[in-house]
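The chain contents come next:
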Amino acid sequence: MSRTETELVTTAGSGRARRGAAFGRSGNDTAQGRVKNRLTNRWATLAALLIAVFWTVPTLGLFISSIRPAADITRSGWWTWFANPAVTLDNYRDVLAAGNSQLTMADSFLNSIAITIPATLIPLCIATLAAYAFAWIDFKGRNALFIGVFALQIVPIQMALVPLLSLFSRGVKIGNVELFGNLDAGVGYTQVWIAHSIFALPLAIYLLYNFITEIPAEVIEAARVDGAGHGQIFFRIVLPLTMPAIASFAIFQFLWVWNDLLVALVFADGKVAPITKLLAEISGSRGQDWNLLTAGAFVAIIVPLIVFFALQRYFVRGLLAGSTKG
Amino acid sequence: MSAFFSWIASLPALLQVVVVVIAFGAVIALLIFLLEVAPRSGRKYTVIRLAACVLVPLLAFLFLGSVLWAAAVAAVLGGVFFWLDYRSRQGAGYLFQLVGFLTPAFLLIAIGLIYPTIITTGQAFMNSRGNRFVGFENFVWIFTQETGIRTVVNTIIWVIFVPILATVIGLAYAVFIDKSRGEKYFKALVFMPMAISFVGASIIWGFMYTARPADQPQIGLLNQIVVMFGGEPVAWLAHQPWNTFFLIVVMIWIQTGFAMVVLSAAIKGVPIEQLEAAEIDGANGWQRFRNVTVQAIKPSLIVVLTTISIVSLKVFDIVRTMTAGANGTSVLANEMYSQWKGFELGRSAALALVLFLLVVPIIVYNARQLAKQREIR
């Protein structure tokens, strides 16, 4: 992790120094200056601009359409809006009231929140505990076990969906002793909480482990010498020091759960369906009602976009830790 | 336990969140407290240990509703306490703590990943109702009829094109904007689709692809461009095999940001001395890029490629939302879901197993890299 962090620090630091440098070739003579403008010539700038535009325009089109009057959307392209800007919030009002026989879009928005928050916090806690054990409690077969957990990321959730579902409806029994009874669809969010928590664990343990091992051994040893047990070390030292990592994984998991469709289709049926499921449904049944679809899509992506832009730094850090170590 | 969850389900949605988070927090806090006091000596801690030995089985009895389980929990707990005194050589309470830290994770992983994987593997060789062994019949079905082959071929197309294109575009973009003015904002623009759900992205692109009859004004941007250049509007998602590529565009749109961010960080880690040395040796910009930068960021490149490969192998949401697999666009994950919905359990499991087998080599490669790194440390 230390490498990645210094990288990030340099990125952040040089941003200020860089401000003066010209885009394109400049006669800058310092060592840094020469490296700076290596590949940035006019064509590169143009290509970068093109990519940036291509990556932004679709979302822009969606947003503009969502605030245009419904009749306009089907009559002319969204780009004509700039010549004739008419703004309305009717689409949003309509789509929040739209839905299927069991719930409206507004309900499903609430469902998304109710599913996402526990499904983020629960695996995070459990994974932090396990990651700590892997990092700082010595035991036989630790490496093998850890690689086993890492390798469990292989299992596509498609392998686990169906048996887990029937497990939920049957309950878990060993012999004729019930470990827990059936968790039918009637019990609301429970199934989808548990499912998301389980599927998050291998990656979460692996990512958090990467951070927790980076704590200097001297710090942990010193605490041990002072008579702290694992519980105290975990709370007083490991948790505060790995808070940034925990935050970055929390953002990951939040986005993942909020944006998920597959797990929701299987485990969150009927009244507890999240917004992605309802949106996919509307897209299937009312595929030409672009006034509803654009507004609905925007409602669904606004929360992750806010989370993303507000906490981008943590998100990037988590991404880098997860990948440069892999 | 079921009663507890039923009770929760009867509350308003947001209150459920609060209750569950608090309940879960309390359980974890209790666990850590027990772990902490387990190895301590002194009368106070003996009392707490004694209380734990009574309380935990009682809780087990209340939640699991069976005397047998309570007895089992009590036996385990007692055994562990005995064991930890016995094995004080490792530091008192060693085993108890280890078990305490790891059990929640392992219990969940065993129930939710390991057990289902075994079951699914078995199902793949059973008939649609899962009660008769049929050997390789389901696999023969996948690989002999046309839609099955189409599904496999499509998945392979996804895995080849998405990682390569997303990585190349991401790398190019990262290099182009490297150390430019406003780099942060340029990055955010391309990175943004990472936050958008596949479903949302499917609708965004579905709107881009919309086609209207030639005599009406186009509302999809792509067809507007086609018409502007004098062409006929195209139904992008209707024609095989190109429609798969138009779905792939959506995935590339999402994944490029990931590639760009990771590779950009890697590029910033390339030692300036090496670049300068290459320059003194007379290498031009492209040579320096190819021979110094790309060599230095190779580990990150591999990670990006493998990560995106896995995501593309498992692609489901995009296909489901945009075409639901119609017009020959289906992929393994989508077909697996469709078969399951059609009560073809065996075929569904077989498709999942094929998916699994395709993912294995990629992750084994990744895991070996990890093992190598751990050895170095």
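Residues numbered from 1 in each chain as written. Chains lettered and ligands numbered in written order. Predicted model: local features only at pLDDT ≥ 70, side-chain atom pairs only at ≥ 80, totals over all residues.

If you look chain B up in an unreviewed UniProt entry, it shows as ABC transporter permease from Microterricola pindariensis. According to the UniProt record, the Subcellular location (unreviewed entry) comment for chain B is "Cell membrane". Regarding chain B, the relevant UniProt record gives this comment under Sequence similarities (unreviewed entry): "Belongs to the binding-protein-dependent transport system permease family." (UniProt positions renumbered as here; feature names shortened; annotations may be inferred.)

The name given to chain A in an unreviewed UniProt entry is Sugar ABC transporter permease, with the source organism recorded as Microterricola pindariensis. Comment text from UniProt for chain A, heading Sequence similarities (unreviewed entry), reads "Belongs to the binding-protein-dependent transport system permease family."

S.K.: Even after reading the chapter, I still don't get the overall build of chain A, so can you show me in this structure?
M.R.: Counting its regular elements, chain A contains 15 helices and two strands. Counting over 326 residues, chain A shows a buried share of 48%. Contacts in chain A between residues at least 24 apart in sequence constitute 69% of all its contacts with a sequence separation of at least 6. (Helix = DSSP H or I, 4+ residues; strand = E, 2+ residues; numbered from the N terminus. Buried ≥ 20, exposed ≤ 12 C-beta atoms within 10 Å, placed from the backbone. Contact = placed C-beta atoms within 7 Å.)

S.K.: I tried to follow the environment of Phe298 of chain A on my own but got confused; where do I start?
M.R.: Residue and element names in this part refer to chain A. Within the fold, Phe298 resides in helix α14 (residues 290–310). For the pair Phe298 and Ala114, spaced 184 residues apart in the sequence, the C-alpha separation amounts to 19 Å. Apart from residues no more than four positions distant in its own chain, Phe298 is found in contact with Leu62, Phe63 and Ser66.

S.K.: Can you walk me through the UniProt feature "transmembrane region" (unreviewed entry) in chain B in this structure?
M.R.: This chain's UniProt record puts "transmembrane region" (unreviewed entry) on residues 13–35, 47–63, 69–86, 98–119, 156–176, 188–209, 245–267 and 345–367 of chain B. Span residues 13–35 of chain B is 100% helix and 0% strand, its end C-alpha atoms 33 Å apart.

S.K.: Looking at this model, I keep getting lost on the UniProt feature "domain: ABC transmembrane type-1" (unreviewed entry) in chain B. Mind explaining?
M.R.: UniProt tags residues 152–366 of chain B as "domain: ABC transmembrane type-1" (unreviewed entry). When the span residues 152–366 of chain B is considered, its composition is 73% helix and 0% strand, and the gap between its end C-alpha atoms is 23 Å.

S.K.: Teacher, can you tell me more about the domain arrangement of chain A here?
M.R.: A common measure of how large an interface is: the accessible area buried when the components associate. Residue and element names in this part refer to chain A. Along its sequence, chain A is organised into domain 1 (23–90) and domain 2 (105–324). Contact with domain 1, which involves seven residues of that partner, is made by six residues of domain 2. If you list the elements that add at least two residues to the side of domain 1 that touches domain 2, you get α3 (42–66) and α4 (70–75). It is α3 that contributes the most residues to the side of domain 1 that touches domain 2, four residues altogether. (Domains from an automatic or database assignment.)

S.K.: Sorry, what's going on with the nonpolar core here?
M.R.: Note that soluble globular proteins tend to have their nonpolar side chains buried in a common cluster. Residues and elements named next belong to chain A. Counting 185 residues, the largest nonpolar core has Ala130, Ile205 and Leu208 as its most contacted members. Counting residues per element, this core draws most heavily on helix α6 (residues 105–136), which supplies 19 residues. Excluding residues that lie within four positions of it along the chain, Leu208 makes contacts with Ala127, Thr128, Ala131, Thr242, Ala245, Ile246 and Phe249. (Core = buried A, V, L, I, M, F, W, Y, C linked by C-beta atoms within 7 Å.)

S.K.: Explain the interface of chain A and chain B here, please?
M.R.: Across the boundary between the two partners, chain A contributes 115 residues, which contact 110 residues of chain B. Its residues placed into classes, the side of chain A that touches chain B shows 71 nonpolar, 36 polar and eight charged. (Nonpolar A, V, L, I, M, F, W, Y, C, P; charged D, E, K, R; others polar.)

S.K.: What am I meant to see in the UniProt feature "transmembrane region" (unreviewed entry) in chain A here?
M.R.: Residue and element names in this part refer to chain A. Those residues carrying the UniProt feature "transmembrane region" (unreviewed entry) are residues 43–64, 113–137, 144–168, 188–212, 233–255 and 292–311 in this numbering. When the span residues 188–212 is considered, its composition is 92% helix and 0% strand, and the gap between its end C-alpha atoms is 35 Å. For residues 292–311, helix accounts for 95% and strand for 0%, while the C-alpha atoms at its two ends are 29 Å apart.

S.K.: When you look at unusual backbone geometry in this model, what are you seeing that I'm missing?
M.R.: Phi is mostly negative for residues that are not glycine, and the peptide bonds are mostly trans. All names here are of chain B. One non-glycine residue, Asn327, lies in the positive phi region at around 55°. A count of 15 C-beta atoms within 10 Å places Asn327 in the partly exposed class. In this model, Phe343 sits at a positive phi of 60°, which is unusual for a non-glycine residue. Relative to the helices and strands, Phe343 is located in the loop between α16 (332–341) and α17 (345–376).

S.K.: I tried to follow the environment of Pro69 of chain A on my own but got confused; where do I start?
M.R.: Residue and element names in this part refer to chain A. Following the sequence through the fold, Pro69 ends up in the loop between α3 and α4. Distance from Pro69 to Leu89, taken between C-alpha atoms, is 8.2 Å for residues 20 residues apart in sequence. If sequence neighbours within four positions are ignored, Pro69 has contacts with Ala86, Thr88 and Asp90.

S.K.: So what exactly am I meant to see when it comes to the packing of helix α9 (residues 190–212) of chain A against helix α11 (residues 230–259) of chain A here?
M.R.: Axis angle and axis distance: for two packed helices, these are the angle between their axes and the distance between the axes, and together they describe the pair. All names here are of chain A. As a packed pair, α9 and α11 sit with axes 10 Å apart at the nearest point and diverge in direction by 145°. When you trace α9 past α11, the crossing you get is right-handed. Of the residues in α11, those in contact with His196, Ala200, Ala204, Leu207, Leu208, Phe211 and Ile212 of α9 are Val238, Thr242, Ala245, Ile246, Phe249, Gln253 and Val257. Within the contact of α9 with α11, the residues separate by chemical class into 11 nonpolar, three polar and no charged. (Axes fitted to C-alpha atoms, helices over the stretch in contact; angles between N-to-C directions. Left-handed = near helix turned anticlockwise from the far one by under 90°.)

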